[in-house]
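# Survey of secondary and tertiary structure
The chain contents come next:
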Amino acid sequence: MCQSCRSDFSAPSKRKWLHVHHINGLKHDNNKSNLAVLCISCHAQQPNHEHMINNAGYRKFVARSL
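In what follows, the accompanying structure is described. (Residues numbered from 1 in each chain as written. Predicted model: local features only at pLDDT ≥ 70, side-chain atom pairs only at ≥ 80, totals over all residues. Heavy atoms only, no water.)

### Points about the packing of aromatic side chains
Which entries qualify depends on this criterion: Classification of ring pairs rests on two measures: the distance between centres of Phe, Tyr or Trp rings, Trp counted by its six-membered ring, which must be within 6.5 Å, and the angle between planes, read as stacked under 30 degrees, edge-to-face over 60 and tilted in between. Secondary structure counts use DSSP, requiring at least four H or I residues in a row for a helix and at least two E residues in a row for a strand, with both numbered from the N terminus.
Per the counting criterion, the structure on display carries two aromatic pairs. Aromatic side chains Phe9 and Phe61 sit 6.1 Å apart centroid to centroid with 35 degrees between the ring planes, which places their arrangement in the tilted category. Of the two residues, Phe9 is situated in the segment before strand E1 (18-22) and Phe61 in helix H2 (residues 56-65); the sequence distance between them amounts to 52 residues. Through successive ring pairs, a cluster of aromatic residues spans Phe9, Trp17 and Phe61.

### Remarks on the side chain of Ser41
Put simply, the test is: Throughout this description, buried means an accessible area under 20% of the type-specific maximum (1.4 Å probe, protein chains only), exposed means over 50%, and partly exposed covers the range between. In this description, contact between two residues means that some pair of their heavy atoms is separated by no more than 4.5 Å.
Counting through the fold element by element, Ser41 comes out in helix H1 (residues 40-44). The exposure class of Ser41 is buried, given its relative accessible area of 16%. Aside from chain neighbours lying at most four places away, what touches Ser41 is Tyr58 and Phe61.

### Thoughts on unusual backbone geometry
One non-glycine residue, Arg6, adopts positive backbone phi at about 65 degrees. Summarising the element assignment, Arg6 is placed in the segment before E1. Assessed through its relative accessible area of 52%, Arg6 is described here as exposed. Even without being glycine, Asn48 reaches a positive phi, approximately 65 degrees. With respect to the element layout, Asn48 can be found in the loop between H1 and H2. Take Asn48: its relative accessible area is 65%, and that puts it in the exposed class.

Right, dumping it as structure tokens:
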């Protein structure tokens, strides 16, 4: 489940849309309190993640959601 939009991605075919987000932006900080499970759409909306909208996976996710 996405911790932001609360959408259910528990089906095996949907798990590919889940990402681990480093809340403080430090990829080496893997403390549980710094990690959030987000869908690719919510992840792309995080600060400094705008580049993700150019990702082929993001475009595929958005197209499937329409």
